[in-house]
Amino acid sequence: CLSRGLGDVYKRQAARWANTPTSITSKAGQSLTLFRPERAFTMGAPRRETGRRANEVLRNVQLTRPFYLATKEVTNRQFKQFARQHSSSHVRGTTLDQPEQPVVNVSWNQAARYCNWLSARENLPLFYRESGGKITGTNPAANGYRLPTEAEWAWAARATSGDAKRFGWGQQFPPADGAGNFADSSASRMVDQVLTGYNDGFAVSAPVGSFSANHRGLHDLEGNVAEWVNDYYGIESVSYTHLRAHETGRN
């Protein structure tokens, strides 16, 4: 997932919002939409929810900075403009390397460096600091491309004007037909557990945008492939961070 920030300058110059585009297109061809969350939302899961992990404590979160978020996952075609020799490989002989499939087998470091590469192509300040091909830090004031934070990703996927959705498609499980690309009956020869009675038509990853967008106009936040984000969770620091956004200040 790809994101880009606007920077602290927009906190001080509200009048400039009138000239801020509601959508942008990166040099690699990604479409990004501007979001300006105005109310707090609840992240995490109730203690009795099946599958809840110990770090998914319910908490209220307020996003204070606007950001752009890519409407679709980064494709193999887009990523290979940066890393020409990259291969997303295959699963039991079924390719993951078609041009419009989401890029996979990418490390967090590679994802962050891709964001910097996009920023450099547009002469934007780099969000990530690099040394010898490794990410060594960040420049939070930069408005270059970056990965979205966990909170931004969760807000985009689940937050509504009412209660947060349990899943990207709603509150109920299993998902309704056409909700997205999941471990369905067509993938039964590749994975041990599948959604009985659900068939999305793709044994592996689907071309990005194959299913309807969510309530914010974003595709594949649920299903298809996992996505990196900018932050991480660690017991020692209780720190959260998330790859689809380009924050104004992100597979």
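Presented here is an overview of the structure given in this document. All values derive from a computational prediction rather than experimental measurement.

**Things to note about the pairing of strand β6 (residues 67-70)**
Then step 1. Both faces of β6 are covered, namely the face carrying F67 and L69 and the face carrying Y68 and A70.
Then step 2. Taken together, the 4 bridges between strand β3 (residues 31-35) and β6 define a ladder with antiparallel strand orientation. Across the sheet, L34 pairs through a bridge with Y68, a residue of β6.

**Some remarks on the nonpolar core**
In a soluble, globular protein the nonpolar side chains are often hidden away together inside.
Then step 1. Formed by 22 residues in total, the largest nonpolar core has its most connected members in L2, L32, Y128 and Y145.
Then step 2. Of all elements in the fold, only β3, β6 and α3 (108-121) reach the threshold of two or more residues within this core.
Then step 3. For this core, the element with the most residues is α3, which contributes 5 residues.
Then step 4. When near neighbours in sequence (up to four residues on either side) are disregarded, Y128 contacts W108, A112, C115, N116, I135, G137, T138, Y145, R146, L147 and N230.
Then step 5. Membership of the second largest hydrophobic core comes to 18 residues, among which are F35, F67, A156 and A157.

**Quick word on the pairing of strand β9 (residues 128-131)**
Then step 1. The pairing of β9 with strand β10 (residues 134-138) spans 4 bridges and is antiparallel. Across the sheet, the residue bridging to R129 is G137, located in β10.
Then step 2. Taken together, β9 and the strand that follows it, β10, pair antiparallel across an intervening segment of 2 residues, in which G132 is found at a positive phi of about 60°.

Calculation rules
Residues numbered from 1 in each chain as written. Predicted model: local features only at pLDDT ≥ 70, side-chain atom pairs only at ≥ 80, totals over all residues. Heavy atoms only, no water. Buried < 20%, exposed > 50% of the residue type's maximum accessible area, 1.4 Å probe, protein only. Helix = DSSP H or I, 4+ residues; strand = E, 2+ residues; numbered from the N terminus. Pairing = 2+ DSSP bridges. Core = buried A, V, L, I, M, F, W, Y, C linked by side-chain atoms within 4.5 Å. Contact = heavy atoms within 4.5 Å.

By themselves, these observations are geometric and do not establish any function.
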